[in-house]
Amino acid sequence: MQLSNRITHITGGGSDGWDVFYKARRMVGEGQPVIELTIGEHDIRTDPVILSAMDKAAKGGHTGYAMVPGIQSLRENVAKRIEERTGVETTFENIMITPGGQAALFAAHLAVCDEGETALYLDPYYATYPGTIRGIGAVAKAVQTHAEDAFQPRAEDIAAKAKGAASLLINTPNNPTGTVYSRETLEGIAQVCKDHELWLISDEVYDTQVWEGTHLSPRALPDMAERTLVVGSMSKSHAMTGSRVGWICGPKDAIENLVNLATHTTYGVAGFIQDAADFALNQGQDLEDKIAEPFRRRRLIAKDILDGQNTVGLIPAQGAMYIMLDIRATGLSGEDFANRLLDEHLIAVMPGESFGQSAAGHVRVAMTVDDESFARALTQLCEFAAKIA
Ligand code: PLP
């Protein structure tokens, strides 16, 4: 039987660019001591205090259908957090709780793009972006960013592709580049959105991982709250990747419609998971800082190691749990470099090309192993690059 074009075309055909990752996983499965610096997951698990809150909620009976838009206290908690950070009035009616940021990205695009409309996203990009757009039946169009700008998007590049598009998806702090968009960048983006009547979908799942500069949500910019859907998540901020809990923040009528969508798709998020998320947010900044701390530390370790050589370039690592390295001096593509590093040194990193053409000749290193292994792997990576160059 024939499946729908929409579902069979989600990946866009061909390789998904994650071959090095799958190969590394196979090698680990065979017992080889590979250091995996590939995916964006903490090397710690969800904090026991959050798990206790989850356990208490589940045993207390919060295991039935939960309210589809989210439980009231969590919606209010998220709204308060966003209002504090943006200065824009935000109530629970601006928030819908989702099963993680990814489900929020899908729902947000479905809410603002009709079938066949163009949805813009920036290259390099988080791996699921084009598939998410294709999955809702829209046409995914990439806008290139440039290594020489440290991957800060140029408003004129976006404007050049904006005619007739329905939406633009951005991500700051950025995966895979580690770039935190400046106020100037975001003001330029906001202007393009206003000039071209675009919805802005702002993926801010790394907003607690900022090492340099400050995170600015475009919701805070003039006249942007009415055309912005912010995507947030507990995955990265609270090491709750497996709990699948996040949110969309946007105009009230958009949220009302998104709730209709959720009623016909996810039917909400488990109540005990939401209680745990609510509890986690109530722990405040200290817990978030504790979870971000290893990445803050490892980024400094990386800077030290990279300062001591001149073959590998570091894209200013301003936020998120990754660093992007420019290995063009080796003459290899990111993919060849990553494959050889894995085969010859048992170190797995992601080729820049996995995230689009703008990051060709780069590799992304996830700072998600213990400090000592991280330092050792990075030192070996630099030595390997120097030898080739
Ligand atoms: N957005 C970005 C940029 C990500 O890197 C990720 C996960 O790695 C997600 C969204 C999805 O996160 P989750 O669905 O776990 O909230």
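Bear in mind the structure is a predicted one, so any value in this text is a computation, not a measurement.

Points about the packing of helix α7 (residues 155–162) against helix α8 (residues 183–195)
Okay, step 1: Running from amino to carboxyl end, α7 crosses α8 at an angle of 15 degrees, the nearest separation of the two axes being 9 Å. Looking at the two axes, α7 sits roughly parallel to α8. α8 is crossed by α7, and the crossing has right-handed handedness. Each of Ala 155, Ile 158, Ala 159 and Ala 162 in α7 lies in contact with α8, whose residues at this interface are Gly 188, Ile 189 and Val 192.

A look at the sheet that holds strand β10 (residues 322–326)
Okay, step 1: Strand order in the open sheet formed by 4 strands is β9-β10-β13-β12, and the pairing between neighbours is antiparallel. Either end of the sheet is taken by a strand with one partner, and the two such strands are β9 (313–314) and β12 (350–351).
Okay, step 2: Sheet analysis places β12 next to strand β13 (residues 362–366), joined by 2 bridges and oriented antiparallel. Its bridge partner being in β13, Met 350 is matched across the sheet by Arg 364.

Here we look at the site of the ligand
Okay, step 1: Around the ligand sit 15 residues, and of these Gly 101, Asp 203, Ser 233, Ser 235 and Arg 244 come closest.
Okay, step 2: Take Tyr 126: an N or O atom from its side chain is 3.5 Å from an oxygen atom of the ligand.
Okay, step 3: When the ligand sits alone it has 400 Å² of accessible area, and the protein chains cover 93% of it.
Okay, step 4: If you list the elements that add at least two residues to the shell around the ligand, you get α5 (100–112) and α9 (234–237).
Okay, step 5: Ranked by residues supplied to the shell around the ligand, first place goes to α5 with 4 residues.
Okay, step 6: Taken together, the residues that form the shell around the ligand break down as 5 nonpolar, 7 polar and 3 charged.

So, helix α3 (residues 48–59)
Okay, step 1: For α3, which comprises 12 residues, the first-to-last C-alpha distance of 16 Å matches the rise-based estimate of 16 Å (1.5 Å per residue) to within 8%.
Okay, step 2: Of all the positions in α3, only Ile 50, Ala 53, Met 54 and Ala 57 are classed as buried. Across the axial projection of α3, the buried residues extend over an arc of 100 degrees, all falling on one side. In α3, the exposed positions that point more than 90 degrees away from the buried face belong to Pro 48, Lys 56 and Lys 59.
Okay, step 3: Close packing links the buried residues of α3 with α11 (271–282) and α12 (285–307).
Okay, step 4: Positive phi appears at Gly 61, one or two residues downstream of α3, with a value of about 105 degrees.

Quick word on helix α14 (residues 371–388)
Okay, step 1: Over its 18 residues, α14 runs 26 Å from end to end, which matches the ideal 26 Å to within 8%, given 1.5 Å per residue.
Okay, step 2: Restricting attention to buried positions, one finds in α14 the residues Ser 373, Phe 374, Ala 377, Leu 378, Leu 381, Cys 382, Phe 384 and Ala 385. The buried residues of α14 occupy one face: seen down the axis, they fall within an arc of 165 degrees. Opposite its buried face, α14 presents the exposed residues Glu 372, Glu 383 and Lys 387, each directed more than 90 degrees away.
Okay, step 3: Packed against the buried residues of α14 are β1 (35–36), α12, β10, α13 (334–345), β11 (347–348) and β13.

Structural notes on the UniProt feature "domain: Aminotransferase class I/classII large" (unreviewed entry) in the chain
Okay, step 1: Under the UniProt annotation, the feature "domain: Aminotransferase class I/classII large" (unreviewed entry) is placed at residues 33–380.
Okay, step 2: Secondary structure across residues 33–380 comprises 41% helix and 16% strand; the distance between its end C-alpha atoms is 15 Å.

What to know about the packing of α12 against α14
Okay, step 1: For the pair α12 and α14, the least separation of the axes is 10 Å and the interaxial angle reads 30 degrees. Relative to α14, α12 is oriented roughly parallel. Considering the relative orientation of α12 and α14, their crossing is right-handed. Where α12 approaches α14, its residues Arg 297, Arg 298, Ile 301, Ala 302, Ile 305 and Leu 306 are matched on the opposing element by Asp 371, Phe 374, Ala 375, Leu 378, Thr 379 and Cys 382.
Okay, step 2: Here the residues of the contact of α12 with α14 are counted per class, giving 8 nonpolar, 1 polar and 3 charged.

Notes on the packing of aromatic side chains
Okay, step 1: Evaluated as defined, the whole model comprises 8 aromatic pairs.
Okay, step 2: Taking 6.4 Å as the distance between ring centres and 75 degrees as the angle between the ring planes, the aromatic pair formed by Trp 18 and Phe 355 counts as edge-to-face. Here Trp 18 is found in the loop between α1 (5–8) and α2 (19–29), whereas its partner Phe 355 is found in the loop between β12 and β13, with 337 residues between them in sequence. Assigned by exposure class, Trp 18 and Phe 355 land together as buried.
Okay, step 3: Ring centres 5.7 Å apart and planes at 85 degrees place the aromatic pair Tyr 126 and Tyr 129 in the edge-to-face group.
Okay, step 4: In this structure Tyr 126 comes out as partly exposed when scored by relative accessible area, which is 30%.
Okay, step 5: Aromatic ring contacts, followed pair by pair, group Trp 18, Phe 21, Tyr 22 and Phe 355 into a single cluster.

Conventions adopted
Residues numbered from 1 in each chain as written. Predicted model: local features only at pLDDT ≥ 70, side-chain atom pairs only at ≥ 80, totals over all residues. Heavy atoms only, no water. Axes fitted to C-alpha atoms, helices over the stretch in contact; angles between N-to-C directions. Helix = DSSP H or I, 4+ residues; strand = E, 2+ residues; numbered from the N terminus. Parallel < 35°, antiparallel > 145°, perpendicular 65-115°, else oblique. Left-handed = near helix turned anticlockwise from the far one by under 90°. Contact = heavy atoms within 4.5 Å. Pairing = 2+ DSSP bridges. Near = heavy atom within 4 Å. Polar contact = N/O pair within 3.5 Å; in protein donor to acceptor, adjacent residues only side chain to side chain. Areas by Shrake-Rupley, 256 points an atom, 1.4 Å probe, with all protein chains shown as cover. Nonpolar A, V, L, I, M, F, W, Y, C, P; charged D, E, K, R; others polar. Expected span 1.5 Å × (residues − 1). Buried < 20%, exposed > 50% of the residue type's maximum accessible area, 1.4 Å probe, protein only. Arc of directions from axis to C-beta. UniProt positions renumbered as here; feature names shortened; annotations may be inferred. Phe/Tyr/Trp six-rings, centres within 6.5 Å; stacked < 30°, edge-to-face > 60°.

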